[in-house]
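Listed here are the chains, written in short residue letters.
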Amino acid sequence: MSTPDAIAADEAEASNKFSFMAAVSKTPKKIQFADDMQEFSKFPTKTGRRSLSRSISQSSTDSYSSVASYTDSSDDEMSPRDKQQTTTKGSSDFCVKNIKQAEFGRREIEIAEQEMTALISLRKRAQGEKPLAGAKIVGCTHITAQTGVLIETLCALGAQCRWSACNIYSTQNEVAAALAETGVAVFAWKGESEDDFWWCIDRSVNGDSWQPNMILDDGGDLTHWVYKKYPNVYKKIRGIVEESVTGVHRLYQLSKAGKLCVPAMNVNDSVTKQKFDNLYCCRESILDGLKRSTDVMFGGKQVVVCGYGEVGKGCCAALKALGAVVHVTEIDPICALQACMEGFRVVKLNEVIRQVDVVITCTGNKNVVMREHLDRMKNGCIVCNMGHSNTEIDVASLRTPELTWERIRSQVDHVIWPDGKRVVLLAEGRLLNLSCSTIPTFVLSITATTEVS
Ligand SMILES: NC(=O)c1ccc[n+]([C@@H]2O[C@H](COP(=O)([O-])OP(=O)(O)OC[C@H]3O[C@@H](n4cnc5c(N)ncnc54)[C@H](O)[C@@H]3O)[C@@H](O)[C@H]2O)c1
């Protein structure tokens, strides 16, 4: 991962060398990561958990029925927090959308196992020795069939696990139900409110007569929750495993402040994660997410991809293959040059914002697409994010009285300007592929095997 300072220095130096740098910012910019300003002071309360509901028009629905999750019932509006559910063995230490979906979720996990050969062979090799006996792992990741296989592998190797979701839209409800049915304390469902999100994290940390000694995190929210709210638990944590570039950056911040007193493993920078998962997972799932939510045809469409790191490279390759005209924005001159060498036009967002049909952010940075950009987009422009955090696109700036929100499909909002212009916002700016499609299993097997071993 390039450090912000290194990127700023490279950029300044390279601006003298490359002619295409006219398209790249001339002022060395420091990356402001999405979570620099993130607060961790929001504690869940039983009351008022609907207070964060979104200001969308009456015609909108808020069912969040999953595209990827076949058994969801959009009619079932009751919050899982208000339901009394038990597994067939009588346990109620979990909170999922519908425990009755467990059998279907089991089949999803079994299908994923077929493609996760590395992880399954690791499981078979080590399960007799139980190398993770004594590990009490609290985890916060996307809850999908693939992470289901990871969690069950950790359990097979002797760990006890409690889990929550790192994204409010990416949980496959039936998988969460299947994990709960086998005895994993899972707190997650698709379409959590922000308050539910923190409540689920809290419940995963705070089990009866159970104290975690390891953290497996994707994005850093769980780590910061434990650090802020349970300092005594935090001090006793034996190790943190972090999957995402965003979470790794937050760990660096803790470390710089002298507060990272726990050994932490940066899985994102492992070559097996970055060069496979970030690149190929996104190359294979970007179109799936876009097509399932919009049915758009990409041949001849003008697309701008913000960020040409691993994720951006995957997205650009997939879009180019379908015949889209791809523009790239970058602040790192080397990545910008790589985009150039692949035949993409490196531009400033302002130069192309009026003409493009699709805008995709993949920077891990925040405030990349601002209200001024959204104001200038053409009618029907599709806007979405592939980065970890939902702050790459300034969605909050669209929640103003003059704009109307219309929920068109699950995860698809039309934001309508007073003159009738519509911008198509996908997954409210949360990461598209995990919110609107399924993801390729094989690459996740590589990441998960790195993580476990
Ligand atoms: N959707 C997924 O399945 C998935 C998978 C892996 C990672 N991610 C997330 O995607 C994001 C990017 O990951 P990555 O591995 O590509 O990181 P990366 O560091 O390789 O690439 C990010 C690129 O964005 C550029 N950038 C930063 N700010 C920019 C700005 N304002 N304008 C233009 N370019 C800018 C950087 O210079 C860098 O080249 C992270 O948030 C990561 O957690 C998503």
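Residues numbered from 1 in each chain as written. Predicted model: local features only at pLDDT ≥ 70, side-chain atom pairs only at ≥ 80, totals over all residues. Heavy atoms only, no water.

Student: How do you make sense of the overall build of the protein chain when you look at a structure like this?
Tutor: Along the protein chain, the regular secondary structure elements total 16 helices and 14 strands. For the protein chain, the residues scored as buried account for 60% of the 453 residues in total. Of the contacts formed within the protein chain by residues at least 6 apart in sequence, a portion of 71% connects residues at least 24 apart. With an accessible surface of roughly 18700 Å², the protein chain has 51% of that area assigned to carbon and sulfur atoms. (Helix = DSSP H or I, 4+ residues; strand = E, 2+ residues; numbered from the N terminus. Buried < 20%, exposed > 50% of the residue type's maximum accessible area, 1.4 Å probe, protein only. Contact = heavy atoms within 4.5 Å. Areas by Shrake-Rupley, 256 points an atom, 1.4 Å probe, with all protein chains shown as cover.)

Student: Would you mind going over the nonpolar core with me for this structure?
Tutor: Side chains of nonpolar character tend, in soluble globular proteins, to be buried together. Core analysis: the biggest nonpolar cluster contains 57 residues, and Ile 286, Leu 290, Leu 319, Ile 360 and Met 386 have the highest contact counts within it. When residues of this core are assigned to their parent elements, the largest contribution, five residues, is made by helix α11 (residues 310-321). Listed in part, the 45 residues of the second largest apolar core include Val 184, Val 267, Cys 281 and Val 443. (Core = buried A, V, L, I, M, F, W, Y, C linked by side-chain atoms within 4.5 Å.)

Student: Any chance you could explain the site of the ligand here in plain terms?
Tutor: Taken together, 27 residues form the shell around the ligand, and within it Asn 278, Val 311, Glu 330, His 388 and Asn 433 come nearest. One of the backbone nitrogen or oxygen atoms of Glu 310 is found 3.1 Å away from an oxygen atom of the ligand. In isolation the ligand offers 860 Å² of accessible surface; the protein chains occlude 90% of this area. Breaking the shell around the ligand down by element, the ones donating at least two residues are α9 (245-256), α10 (271-294), α11 and α15 (432-436). Residue contributions to the shell around the ligand peak at three residues, all from α10. Counted by class, the shell around the ligand contains 11 nonpolar, 12 polar and four charged residues. (Near = heavy atom within 4 Å. Polar contact = N/O pair within 3.5 Å; in protein donor to acceptor, adjacent residues only side chain to side chain. Nonpolar A, V, L, I, M, F, W, Y, C, P; charged D, E, K, R; others polar.)

Student: Could you clarify how one ought to interpret the sheet that holds strand β9 (residues 345-346) in this entry?
Tutor: By definition, the strands of a sheet pair up through backbone hydrogen bonds, in either a parallel or an antiparallel sense. Ordered by their spatial adjacency, eight strands build an open sheet running β9-β8-β7-β10-β11-β14-β13-β12, and the pairing between neighbours is mixed. Single-partner strands in this sheet number two, and they are β9 and β12 (404-409). By the bridge criterion, two bridges tie strand β8 (residues 325-329) to β9 in an arrangement that is parallel. Counterpart to Val 328 in the pairing with β9 is Val 346. (Pairing = 2+ DSSP bridges.)

Student: Quick question: what am I supposed to make of the environment of Lys 236 here?
Tutor: Relative to the elements of secondary structure, Lys 236 occurs in helix α8 (residues 231-236). The class for Lys 236 is exposed, based on a relative accessible area of 55%. As a C-alpha pair, Lys 236 and Met 214 span 22 residues in sequence and 8.9 Å in three-dimensional space. Not counting chain neighbours up to four residues away, the residues in contact with Lys 236 comprise Gln 211 and Asn 213.

Student: Explanation requested: α10 in the structure shown.
Tutor: Since the α-helix packs 3.6 residues into each turn, any two residues three or four apart lie on the same face. Along its 24 residues, α10 runs 33 Å from first to last C-alpha, staying within 8% of the 34 Å computed at 1.5 Å per residue. Along α10, the largest kink reaches about 35° and is centred on Cys 282. Once α10 finishes, Asp 295 follows within two positions and takes phi at roughly 60°, a positive value. (Expected span 1.5 Å × (residues − 1). Bend = angle between axes of the 7 residues up to and from the residue.)

Student: In this structure, what is going on with the sheet that holds strand β3 (residues 185-187)? I would like to understand it.
Tutor: The sheet built from six strands is open, its strands ordered β3-β2-β1-β4-β5-β6 with parallel pairing. Since the sheet does not close on itself, it has two edges, and those belong to β3 and β6 (264-266), each with one partner. Shown here is a sheet whose adjacent strand axes are inclined to one another by a mean of 15°, direction ignored. Sheet topology note: the strand β4 (residues 214-217)/strand β5 (residues 239-242) ladder contains four bridges and is parallel. Of the residues in β5, the one forming a bridge with Asp 217 is Glu 242. Against the sheet, α9 contacts β5 and β6, and its axis sits at roughly 140° relative to β5. (Axes fitted to C-alpha atoms, helices over the stretch in contact; angles between N-to-C directions.)

Student: In this structure, what is going on with helix α2 (residues 102-115)? I would like to understand it.
Tutor: Compared with an ideal rise of 1.5 Å per residue, which puts 14 residues at 20 Å, α2 spans 21 Å between its outermost C-alpha atoms and is within 8% of the ideal. Along α2, the residues that are buried comprise Ala 102, Phe 104, Gly 105, Glu 108, Ile 109 and Ala 112. Viewed end-on, α2 has its buried residues packed into an arc of 160°, placing them on one side of the element. Of the residues in α2, the exposed ones pointing more than 90 degrees away from the buried face are Glu 103, Ile 111 and Gln 114. On the buried face of α2, the contacting elements are α4 (145-156), α5 (173-181) and α16 (441-452). (Arc of directions from axis to C-beta.)

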